[in-house]
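Below, each chain spelled out in residue letters.
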Amino acid sequence: MAEKLLEIKNVSKIFRIGGMIRGKKLVAVDDVSLSIDSDKPVILSIVGESGCGKSTLCKMVLRLHQPDMGDITLLGRSYKDKKGYDPKQFRLDVQPIFQNPYESFSARKTVDSYLYNTALRLGIAKNRAEADQKVDEALKSVGMSLAVVKGKYPTQFSGGELQRVSIARALITQPKLIIADEPVAAIDASMKMNIVNLFKDLKEKYNVSFIYITHDLSTAYYVSDYIATLYRGCLIEYGPAKEIMDEPAHPYTELLMNAVPRVGDKWKEDLVMPDMEDKEFSIEYCKFAPRCPYATDECRKERPKETYLSDERKVLCYHPLNNGSK
Ligand SMILES: Nc1ncnc2c1ncn2[C@@H]1O[C@H](COP(=O)(O)OP(=O)(O)O)[C@@H](O)[C@H]1O
Ligand SMILES: [Mg+2]
């Protein structure tokens, strides 16, 4: 079997809040395992309500946070292998796109300067003329061009346009993986699908995989090859997008899916979940049990183990739905 592009292996991240003595621990990411194959590009969406650990997980993949437990490998190379780590190669292979494009670009710099920097600093282009060509090519693949962007400042663009430029910048290095953390959360509703659909085109054209992080399932619904659902730091369900959408196995995924607006529905407000309670992060049995309509005594005793429903599908639940066991 081909080497995995990315492998997240039993990764946890614990934040200590408050002092060392009185403070408490918050397990923001709790024993998560996920992988992306390298044989064909995919869009993996990581979904879940605000505060469930999506950004923390993606920051670990981007090496901005170090896991407290577990390991991550990129093309077989462990993040723990400090000697073998080549920061420049890593920046070529893995590119981020952040939530608010106005924060990613300084108001005092022209937008094209970022693209030139990426092209020249990382050695993608040897000189200015080559950089012109790479930058223009990347901008054209997101429906813009150097002629339109050149010399302009962030405020001269709409949020949607600026996010396209962020995507173009990420493409310049011809990355293998783009990590987009809530890339459309700050974008006009009418432009959201437009941006997310771009991922689908670029995936094929550039042979690049995406981790698309979102709390907005209606966009994940249309573009994902795979979906991973997080709940209070735990990966509670993972599998091919269509299967997850049509037949969710975890009661929490079912709850999320029932709230997804389908084509033709009017845009509803974001799904609102009950208040996040810190203590739920430290529950040692099933974290969803307190609000699960199907919970039994078993669920309140011990954390369920990952159960594979098929080669590509797993769930963290004693009583998965839609699979004959209920
Ligand atoms: N640097 C940090 N220090 C302490 N707690 C943090 C830090 N970053 C995130 N958290 C906490 O970890 C949990 C998960 O946060 P986050 O990964 O940002 O969730 P999401 O991206 O899904 O909204 C939240 O309770 C958040 O408050
Ligand atoms: Mg986040």
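Please read all numbers here as calculations on a predicted model, not as lab measurements.

J.: When you look at the packing of aromatic side chains in this model, what are you seeing that I'm missing?
T.: The geometry of an aromatic ring pair comes down to the distance between the two centres and the angle between the two planes. Scanning the model with the defined rule gives 10 aromatic pairs in all. Centroid distance Tyr 79 to Phe 90: 5.9 Å. Interplanar angle 85°. Geometry classified as edge-to-face. One end of the pair, Tyr 79, is in the loop between β5 (77–78) and α2 (87–93); the other, Phe 90, is in helix α2, and 11 residues separate them in sequence. With relative accessibility at 7%, the residue Phe 90 sits in the buried group. Ring centres of Tyr 231 and Phe 288 lie 5.1 Å apart, and the angle between their planes is 85°; on these two criteria the pair is classed as edge-to-face. Residue Tyr 231 is located in strand β9 (residues 226–231), and its partner Phe 288 is located in the loop between α12 (278–281) and β11 (307–310); the two are separated by 57 residues in the primary sequence. With respect to class, Tyr 231 is no different from Phe 288; both count as buried. What links up through ring pairs into an aromatic cluster is the set Tyr 79, Tyr 85 and Phe 90. One Lys or Arg, Arg 63, reaches over the ring of Tyr 85 and ends 3.6 Å from the middle of that ring. In this structure, Arg 63 packs its charged tip against the face of Phe 90, placed 5.0 Å from the ring centre.

J.: I would appreciate a short explanation of the site of ligand 1 in the present structure.
T.: Neighbouring ligand 1 are 12 residues, the closest being Gly 51, Gly 53, Lys 54, Ser 55 and Thr 56. One of the backbone nitrogen or oxygen atoms of Gly 51 is found 2.6 Å away from an oxygen atom of ligand 1. Separating an oxygen atom of ligand 1 from a backbone N or O atom of Cys 52 is a distance of 3.2 Å. Its free accessible area being 560 Å², ligand 1 has 64% of it covered by the protein chains. If you list the elements that add at least two residues to the shell around ligand 1, you get β2 (24–37) and α1 (54–61). The biggest single contributor to the shell around ligand 1 is α1, with three residues. Looking at the shell around ligand 1 residue by residue, the classes come out as five nonpolar, five polar and two charged.

J.: How should the sheet that holds strand β1 (residues 4–17) be read in this particular structure?
T.: Strands pair in a sheet through their backbones, by hydrogen bonds, and they do so in one of two ways: parallel or antiparallel. Sheet architecture is open: four strands sit in the order β2-β1-β4-β5, paired in antiparallel fashion. With one partner strand each, in any of the chains shown, β2 and β5 form the two edges of the open sheet. The strands that α1 touches are β1, β2 and β4 (69–74); relative to β1, the one it contacts most, it runs at about 120°.

J.: What is the right way to read the environment of Leu 75 from this model?
T.: With respect to the helices and strands, Leu 75 occurs in the loop between β4 and β5. You can call Leu 75 buried: its relative accessible area is 18%. Through-space distance from the C-alpha of Leu 75 to that of Gly 143 is 31 Å; in sequence the pair is 68 residues apart. Dropping the residues within four chain positions of it, Leu 75 is found in contact with Glu 3, Lys 4, Leu 5, Ser 38 and Lys 176.

Basis of the calculations
Residues numbered from 1 in each chain as written. Chains lettered and ligands numbered in written order. Predicted model: local features only at pLDDT ≥ 70, side-chain atom pairs only at ≥ 80, totals over all residues. Heavy atoms only, no water. Phe/Tyr/Trp six-rings, centres within 6.5 Å; stacked < 30°, edge-to-face > 60°. Helix = DSSP H or I, 4+ residues; strand = E, 2+ residues; numbered from the N terminus. Buried < 20%, exposed > 50% of the residue type's maximum accessible area, 1.4 Å probe, protein only. Lys NZ or Arg CZ within 6 Å of the ring centre and 35° of its normal. Near = heavy atom within 4 Å. Polar contact = N/O pair within 3.5 Å; in protein donor to acceptor, adjacent residues only side chain to side chain. Areas by Shrake-Rupley, 256 points an atom, 1.4 Å probe, with all protein chains shown as cover. Nonpolar A, V, L, I, M, F, W, Y, C, P; charged D, E, K, R; others polar. Pairing = 2+ DSSP bridges. Contact = heavy atoms within 4.5 Å. Axes fitted to C-alpha atoms, helices over the stretch in contact; angles between N-to-C directions.

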